[in-house]
Amino acid sequence: MANERSGSCLCGAVRFRIHGAFEHFFICYCSRCRKGSGSAHAANIFSASASIEWLGGEDKVRIFQLPDTRHTKCFCSDCGSSLPLEEVDSGFIMVPAGALDTPVDIKPDARICFASRAEWVDELECTEVVDGLPD
Ligand SMILES: [Zn+2]
Ligand SMILES: [Zn+2]
């Protein structure tokens, strides 16, 4: 179905379905997203009209809110994978692109907080590409 996507966490305990259209896709390089992802950036899809349906493992879903900020992260308590989140204030849902099992049919809108990027991000474009694991 066009406006239905599904996803899961790494351990498979948590499974979800997203109903409704995706609206924005932002790649965020801020220091909070770098900590939270353990990588160069977060990759989150946003929608004001879509909704989250938990298909399994909802009891494993944890939400962390950084005190005194609006920075929140939803994750599986068993494997730590990022999971979708419903922002109660704004009504927006936020879906980590990497959590989706169905193809991501929206292109990123922008790389944001790019001035905060890790110093090694600019090196990636001239880094060797290996299809599998290195020898
Ligand atoms: Zn998990
Ligand atoms: Zn960020």
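This structure is a prediction, so every number in the text was calculated from the model and none was measured.

**Topic: unusual backbone geometry**
In step 1: Of note, Asp68 is a non-glycine position whose phi angle comes to about 65°, a positive value.
In step 2: Its location among the elements puts Asp68 in the loop between β6 (61-65) and β7 (72-76).
In step 3: Among the residues examined, Asp68 registers a relative accessible area of 85% and is labelled exposed.
In step 4: Look at Cys113: it is not a glycine, yet its phi comes out positive at around 50°.
In step 5: Structurally, Cys113 is set in the segment after β11 (110-112).
In step 6: For Cys113, a relative accessible area of 39% corresponds to the partly exposed category.

**Some thoughts on the nonpolar core**
Side chains of nonpolar character tend, in soluble globular proteins, to be buried together.
In step 1: Counting residues in hydrophobic clusters, the biggest one holds 27 residues, and the most contacted among them are Phe16, Ile18, Phe22, Ile45, Leu83 and Val95.
In step 2: Contributing elements (two or more residues each) for this core: β2 (15-19), β3 (24-28), β4 (42-47), β7 and β10 (93-96).
In step 3: The leading source of residues in this core is β10, at three residues.
In step 4: Once residues within four sequence positions are removed from consideration, Val95 is found in contact with Phe16, Ile18, Phe22, Ala43, Asn44, Ile45, Pro84 and Leu100.

Each value, and the rule that gives it
- Residues numbered from 1 in each chain as written.
- Chains lettered and ligands numbered in written order.
- Predicted model: local features only at pLDDT ≥ 70, side-chain atom pairs only at ≥ 80, totals over all residues.
- Heavy atoms only, no water.
- Helix = DSSP H or I, 4+ residues; strand = E, 2+ residues; numbered from the N terminus.
- Buried < 20%, exposed > 50% of the residue type's maximum accessible area, 1.4 Å probe, protein only.
- Core = buried A, V, L, I, M, F, W, Y, C linked by side-chain atoms within 4.5 Å.
- Contact = heavy atoms within 4.5 Å.

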